[in-house]
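What follows is the residue order along each chain.
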Amino acid sequence: MNLTSQCEYCEILRKEKNILASSSDAVVAVRDKVVTPGQITIFPKEHYPIMEMVPEEVLQQCAILANKVSIAVFESLSSQGTNILVRNGLGAGQDVAHFGIEIIPRKEGDGLNFDWKPRQLMEDEIEMVHTTLLEAVEESRSSPKKEEKRDDKKEIKIVEGKENYLLKSIKRIP
Amino acid sequence: MAEAPKLTEEQAKALQEKLKNMPPEELERLQRENCIFCKIIHGEMQTRKIYEDDVCLVTLDIAPASKGHLLIIPKEHYSIMPQVPDRVLAYICVIAKRFSQIVLRTLKVSGTNIFIANGSVAGQRAQHFLLHLIPRKEGDKVLDLQEKIINQEMVENVKIAVEDKLFQLMGVKKPESKTENLPRIQEPAEMEQEEGSKPEKKISTRKKTPILKKSPSVEIVNEEPAKEKQPEEEEANLNDIANLFR
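Note that the structure is a prediction, hence the values are computed from the model and not measured.

## As for the packing of helix 3 (residues 123-142) of chain A against helix 4 (residues 86-106) of chain B
Consideration 1: Contact pair helix 3 of chain A / helix 4 of chain B: the axes reach a minimum separation of 10 Å and the direction vectors enclose 120°. What the angle tells us is that helix 3 of chain A and helix 4 of chain B run oblique. With respect to the hand of their crossing, helix 3 of chain A and helix 4 of chain B are arranged in right-handed fashion. Side by side, helix 3 of chain A and helix 4 of chain B meet where Thr132, Leu133, Ala136, Val137 and Glu139 of chain A of the first sit next to Phe99, Ile102, Val103, Arg105 and Thr106 of chain B of the second.
Consideration 2: Residue composition of the contact of helix 3 of chain A with helix 4 of chain B, grouped by class: six nonpolar, two polar and two charged.

Following this line, the structure appears as C-alpha cells:
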C-alpha cells in the first residue's frame, strides 16, 4: 500500500481531474471541499506531507503560482480580496497529508471570518519567546552545514526555457 | 508638517487636487512616511525583531493569535500582494518555511499557519503587504474554518471563470484538450516587460549579513542542486509531525 494512494492531491494528479494549470513541479487545482466556492489550491506534484519537506525551489514555484492565481481570482471572480492560507500540520487544521497553498476569494459580506482574538500574553512570556526564537536563529546560523541528499530528478535544469524565467527572477533577489 | 486639525471644504478640495497631481514618487514617499511597517523597518519604531536581511524583516506580532506569532515583512513598501514581485514573494515564502521549522522545533506546537490577508475585505489592516506565521496547537480556535463540499458543476464553473486570466498571467495558451495538454509555465514575456519597465529599486541601503544560511538566490545560481541548509537535528521532530497523518 502506497502512502500516496490515499492522498487527495495525488489522486487529483493521477486522474488529471479538476486541474487548472501546472508548472514543472506544481499544480493548480479546484477541490470540491472548500471554505468558500472559488477557492483554488496549489500543491507540489511530488508528495510532501508538510512544508518543511518541500524543497525550496518547489516552494518558490508554488508561491509564484499563488500570486498569479490570486490576481486571476481578483479579476475573474470579481472578488475584492483574497486570503492565502497554508495549513501545515494537524494542529494547524491540515486535512490532506500533502502540502498545499489555498487561495480563498473574499467579498464584502461573504460571512467568512479569519480574524483571531489577540492573545493576551504576560511581558515575561513575550520576552521568553523572543529570546528562544533569537537563540534558535543564532543556532541555525552557527551550526555546521550539512548537505541534504537530493533526488537527481529534482535538480534544476538550467537549459530548459520553462525553468529559465524562474531562475532569472530568483537571481534578481538581492 | 503639522496640519490644521480641521480643513474647510475648500482646503480639503485643494488637498485632494494636490494629491491627484502629485508625482507618483512623491505620493509613494508620503505613503511610506505614514506606514507603520516602514517605520519599523527603518528603526523609527520599536519592535521585537527576530531576523533581518536585505529583503525582509521578521518580528513578533504585537497582537498575536498565539505565542510566537511572527510577521514576515518585505522591506520594500508594497500595499497589496499583486504588487509584490515574484522573486520577493518566493524569497519570503522560503524565509517562512525556515521560520516554520524553527517554530515547530522550539515552541512545541503541532503545526503552523501561513496566512496572508490581501485587501481590506480579506482582513488586511495595514497598507503594507506582509505574511503571518502562526504557531498552532489543536483546539486553540485560531483560523477555525468551516468547510463544505461543492458539486462538480460548481468546480467546473470556477475553472472556466478563472482559466483564461490565469493562462494569460502565466503566459501560456489554453490547451486544446482539457486534460492531456496541461499548460505549463513558459517564458512569460509579460512578466519580463513588467519587471523591466519599472526602475529596479534597491531594497535596502545598508548591507546586512543574512543571519540564516545563504539566501536561495545564491544556492540556485550556483548551478548546483539547491541544498537545504537547515541542520538535520530537527528531522525527528518534523517526521513526527508528518507521521501524525499516517
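From this point, the narrative continues.
## A word on the packing of aromatic side chains
Consideration 1: Per the counting criterion, the structure on display carries four aromatic pairs over all chains.
Consideration 2: Measuring from ring centre to ring centre gives 4.4 Å for Tyr9 of chain A and Phe43 of chain A, while their planes differ by 10°; the resulting arrangement is stacked. Taken as a pair, Tyr9 of chain A in helix 1 (residues 8-15) and Phe43 of chain A in strand 4 (residues 40-44) lie far apart in primary sequence, 34 residues in all.
Consideration 3: According to the relative accessible area criterion, Tyr9 of chain A is buried, its value standing at 4%.
Consideration 4: Its relative accessible area of 0% is what places Phe43 of chain A among the buried residues.
Consideration 5: Ring geometry for Phe114 of chain A versus Phe115 of chain B: centroids 5.7 Å apart, planes at 25°, classification stacked. Within this pair, whereas Phe114 of chain A is found in the loop between strand 6 (101-106) and helix 3, its partner Phe115 of chain B is found in strand 4 (residues 111-118), the two belonging to separate chains. Taken as a pair, Phe114 of chain A and Phe115 of chain B share a single burial class, namely buried.
Consideration 6: Put simply, the rings of Phe114 and Trp116 of chain A together with Phe115 of chain B pair up and form one aromatic cluster.

## What to know about the confidence of the model for chain A
The predicted coordinates ought not to be read in detail in places where the model reports low pLDDT.
Residues and elements named next belong to chain A.
Consideration 1: The share of residues in chain A with pLDDT of 70 or more is 79%, and the mean pLDDT across the chain is 83.
Consideration 2: Across chain A, the element-wise mean pLDDT spans from 39 in helix 4 (residues 161-171) up to 98 in strand 4.
Consideration 3: This model gives residues 147-174 a pLDDT under 50, and the stretch forms 61 contacts once residues within four places in sequence are excluded.

The rules behind the values
- Residues numbered from 1 in each chain as written.
- Chains lettered and ligands numbered in written order.
- Predicted model: local features only at pLDDT ≥ 70, side-chain atom pairs only at ≥ 80, totals over all residues.
- Heavy atoms only, no water.
- Axes fitted to C-alpha atoms, helices over the stretch in contact; angles between N-to-C directions.
- Helix = DSSP H or I, 4+ residues; strand = E, 2+ residues; numbered from the N terminus.
- Parallel < 35°, antiparallel > 145°, perpendicular 65-115°, else oblique.
- Left-handed = near helix turned anticlockwise from the far one by under 90°.
- Contact = heavy atoms within 4.5 Å.
- Nonpolar A, V, L, I, M, F, W, Y, C, P; charged D, E, K, R; others polar.
- Phe/Tyr/Trp six-rings, centres within 6.5 Å; stacked < 30°, edge-to-face > 60°.
- Buried < 20%, exposed > 50% of the residue type's maximum accessible area, 1.4 Å probe, protein only.
- pLDDT = per-residue confidence, 0-100.

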